[in-house]
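# Architecture at a glance
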Amino acid sequence: MRILTLITARGGSKRLPGKNICPLGGKPLIVWSINVAKDIAEIVDILVSTDDPKIYEIAKNAGAMVPWLRPPELATDTASSVDVCLHALQWYEKENGRIDGLMLLQPTSPFRSRDTVLRGIELFRKQKNRPVVGVSTAKSHPMWCFKIENGIMSQFIKGEGLRMQSQDLPSAYTINGAFYLISPEKLRKQRKFYTENAVPLIITSPEESIDIDTEWDWKLAEATIKL
């Protein structure tokens, strides 16, 4: 099986400027995701797609393949992650031949483990190349959530959920952003990583589910390292 690991890292970040190369635990954030994919038999290359020369140099020095800087039209706030992935996929298969799977590792999930990556690959193999998506238990159960319309609260999901104790609620999961693996054919056809027949890669450790988007997330990540 030939799997290409893709790490997408844009230079611009409004909430946390330069977060992808900010040091976390003594190494730039993006290096965490590069390192976890190294020396896995099924992974043929670790490709970083970026528009930023600083990220380019750091990723290259960390051992990733960084063949170019991303085109400007794919480096805007409105550019879709799927278009970025398809651009990298098209280039890679043209230069290096067909692959069986594209694994997207977002640099904002630094604590995903090697074991999680290996489990995801094995799920992809066993489920005959169905998309695999990393998920975690929902922090707030949807049956206990509300919407507010015209200043009035109402249940987000109608039913008896508010009467139920937490242990009696059905399990609910959210996509945590730590792991995506899909065949090139499905990505090109459906233009999304999550599909109706996606296989969940359930990640139970809280630290692996940390997705750094805000300053508070960064503080949480730093505190996690000190534990």
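Residues numbered from 1 in each chain as written. Predicted model: local features only at pLDDT ≥ 70, side-chain atom pairs only at ≥ 80, totals over all residues. Heavy atoms only, no water.

### Some details on the sheet that holds strand E9 (residues 173-182)
- With respect to topology, six strands assemble into an open sheet ordered E4-E1-E5-E9-E6-E10, the strand pairing being mixed. If you trace the sheet from one side to the other, it starts and ends with strand E4 (43-50) and strand E10 (199-202), each paired once. The mean angle between the axes of side-by-side strands here comes to 35°, regardless of whether they run parallel or antiparallel.
- Here strand E6 (residues 132-137) runs beside E9; their pairing, made up of five bridges, is antiparallel. Counterpart to Val 132 in the pairing with E9 is Leu 181. (Pairing = 2+ DSSP bridges. Helix = DSSP H or I, 4+ residues; strand = E, 2+ residues; numbered from the N terminus. Axes fitted to C-alpha atoms, helices over the stretch in contact; angles between N-to-C directions.)

### Let's talk about the environment of Ile 210
- You can see Ile 210 is positioned in the loop between E10 and helix H6 (215-226).
- With 32 residues separating them along the chain, Ile 210 and Ala 178 place their C-alpha atoms 8.3 Å apart.
- Apart from the residues lying within four places of it in its own chain, the contact partners of Ile 210 are Thr 108, Ser 109, Pro 110, Phe 111, Asp 217, Leu 220 and Thr 224. (Contact = heavy atoms within 4.5 Å.)

### What about the pattern of salt bridges?
- Overall, the coordinates contain eleven salt bridges when judged by the stated rule.
- One salt bridge in this structure joins Glu 42 and Arg 125, with 2.7 Å as the shortest N-O distance. Highlighted residues: Glu 42 in the loop between helix H1 (29-36) and E4 and Arg 125 in helix H4 (residues 114-126), separated in sequence by 83 residues.
- Relative accessible area serves as the criterion here: at 18%, Glu 42 is assigned to the buried category.
- Across the salt bridge formed by Asp 83 and Arg 191, the nearest N and O atoms sit 2.3 Å from each other. Pair noted here: Asp 83 is in helix H3 (residues 81-96) and Arg 191 is in the loop between helix H5 (184-190) and E10, with a separation of 108 residues, a long-range link.
- Judged by its relative accessible area of 30%, Asp 83 is partly exposed.
- Taken together, the salt bridges that share partners define one network made up of Glu 42, Glu 122 and Arg 125. (Salt bridge = Lys/Arg side-chain N within 4 Å of Asp/Glu carboxyl O. Buried < 20%, exposed > 50% of the residue type's maximum accessible area, 1.4 Å probe, protein only.)

### Brief notes about the environment of Trp 144
- Mapped onto the secondary structure, Trp 144 falls in the loop between E6 and strand E7 (146-149).
- In this structure Trp 144 comes out as partly exposed when scored by relative accessible area, which is 38%.
- For the pair Trp 144 and Pro 23, spaced 121 residues apart in the sequence, the C-alpha separation amounts to 38 Å.
- In this structure Trp 144 touches Gly 161, Leu 162, Met 164, Gln 165, Ser 166 and Leu 169, once residues within four positions along its chain are discounted.

The values reported here are purely geometric and, on their own, carry no functional implication.
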